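Architecture at a glance
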Amino acid sequence: MTRRSCCIYATAIVCAHLLILGIALVVAQVFQTMIHSRLKKEITLTEKSQMFEAWKNPPPPVYMEYYFFNVTNPEVFLAGGKAAVTQIGPYTYREYRPRENVTFLENGTMVYAVNPKTFVFVPEKSAGDPEVDLVRTVNIPFVAIMNEMNSYSFVVRTGISFFLNSLGGEVFMTRTVHEVLWGFKHPLLTRLRALKPDMDEYFGLMWKKNGTHEGEFVFHTGEENYLDYGKIDTWNNMSKMSWWSSDQSNMINGTDGAVFHPLINRNELLYIFAADLCRSIHLAYVKDVEVKGIQAYRFAPPNDVLMNPKENPTNAGFCVPAGDCLGTGVLKVSVCRQGAPIVVSFPHFYQADPKYINGVEGLSPNKEEHETYLDLQPTTGVPIRACKRAQLNIIVKRVQGFPKTRLINEVIFPIMFVNETATVDDESASQMRTMLLIVTLVSNFPLLIVGMGIILLLVLVVLFCRNRQKKTVKDDTAYTQVSDKPDEPSANQPTRNGSYIAMSPVDAMSPAEAQRC
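Residues numbered from 1 in each chain as written. Predicted model: local features only at pLDDT ≥ 70, side-chain atom pairs only at ≥ 80, totals over all residues. Heavy atoms only, no water.

**Examining unusual backbone geometry**
Between G89 and P90 the backbone carries a cis peptide bond, its omega angle lying at 10°. Of note, P90 is situated in strand 2 (residues 85-96). Across the junction of V320 and P321, the peptide omega takes the value -5°, indicating a cis bond. You can see P321 is positioned in the loop between strand 14 (294-300) and strand 15 (330-332). The backbone of E106 shows a phi angle near 50°, a positive value even though the residue is not glycine. Considering the arrangement of structural elements, one finds E106 in the loop between strand 3 (100-105) and strand 4 (110-114). Despite not being glycine, Q338 has its phi angle at roughly 55°, a positive value. Inspection of the secondary structure assignment puts Q338 in the loop between strand 15 and strand 16 (342-345). (Helix = DSSP H or I, 4+ residues; strand = E, 2+ residues; numbered from the N terminus.)

**As for the sheet that holds strand 4**
A sheet is described by the order of its strands in space; here four strands give the open sequence 3-4-10-11, paired in antiparallel fashion. Across the chains shown, the open sheet's two edge strands, defined by having one partner strand only, are strand 3 and strand 11 (232-235). Each strand of the sheet is rotated relative to its neighbour by a mean of 20°, with strand direction disregarded. Pairing of strand 3 with strand 4, which is carried by four bridges, proceeds in the antiparallel orientation. The residue bridging F104 from the neighbouring strand is V111, located in strand 4. (Pairing = 2+ DSSP bridges. Axes fitted to C-alpha atoms, helices over the stretch in contact; angles between N-to-C directions.)

**Some points on the pairing of strand 1 (residues 62-71)**
Looking along a regular strand, one sees side chains alternate from face to face of the sheet. With nine of 10 residues buried, strand 1 lies mostly within the body of the structure. The pairing of strand 1 with strand 19 (residues 411-423) spans seven bridges and is classified as antiparallel. Residue E65 lies in a different strand from strand 19, and its bridge partner there is N419. Bridge analysis of strand 1 against strand 2 gives nine bridges, and the strand direction is antiparallel. Across the sheet, the residue bridging to F68 is I88, located in strand 2. (Buried < 20%, exposed > 50% of the residue type's maximum accessible area, 1.4 Å probe, protein only.)

Right, here's the structure in full:
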């Protein structure tokens, strides 16, 4: 056997082994299963996990952008016309949200924590100075008291109306952005506090929310089941709420939005419990996106989250009392806002019934500016970019016994909306890209083996063809038989001396040339 043949046989054997091994590994998904198993064990809320420190102290900066709706025609609205508003802002604050008092429970399968939030004003990202800029908006304490009196007799309502008028109570108020947001000593509440000492005399949309937390949480660590990673077990010692009118609506589902389980697929729904909305919401896959070179899935609340119960019966449980429902795109949260007629929605009533959008002039909802979404890296479940957008509204309507409201047409009045944003920082993005590259290489290692087998197969084909070609050339250039008998001279051909070997006849020579030879 020649060296060339040995080389061909060796290449064929190696090629066959690589192809068989590679295809077997691809079909069995050995390396992919190994990587997934490792991710399920590593991505947990335990001290040994690399994710734990990032969960306790999130590295990406979180910014809260507050936009307010300034009322430009209060007199027209009070006279029965349509209110007109202009959007002012943003007034941006950096949010710091470390987790504190972290304690492991149930043999490490649960973890307790509180999440105090601190806000610091960021002038360079803001449109103005909140301590200087004025905003005219609905006098929420005044409207809330009127709404509370709605269940009393006409005589009582009339008496309260005279009392409020003597205190200078108006439907609208003009204050600085800082006062409306972080609180001020409200004259009406100060007078009422004299009658009811436990009443707080300060009012602000974010009053007592700077440096405080939204409640005590107990989370699943994901040690027992990776699908439970980061899910809320209890909130304020409650495994379910009691505000709403159905068991399904009272469920505390999902995470707090900071983490999600690894190995997310496009077909699943992700659940988030939003304490400020007093309910859980779900997100559905929208599209693939790329953030800082990292592939991610975008999830967003679908239309049915705030859909009218007539179109989505599962939302009937959010009507309190049962049957008292608003239209699509809004949610009344009075049950967890001390009875105040507060309504939440997406900014500018995005995805809401047109009657709410047209109820006030100056609103223009659009997906780019007003949609809530999360961009999640599907392998790890880590949020790469997040935009949480929510709007605060109040129901303003005519209340018998309060003359200032006698001409008002009922409307859900927009007060302000917040855009909470966070994007992975550059250092974390670089670490994420490196980790994903390693995961990709290891997961696709069987394909590399198959690729090497295919390359060797091509080499084998080339070697085989070249070997066949050389054999053909050798056969074509073989010698012919040598004759021992001299050729018989012919009449027209001179006699030749000796024999010839596969040579063409020589042309006849002249006698002189023959003599020289």
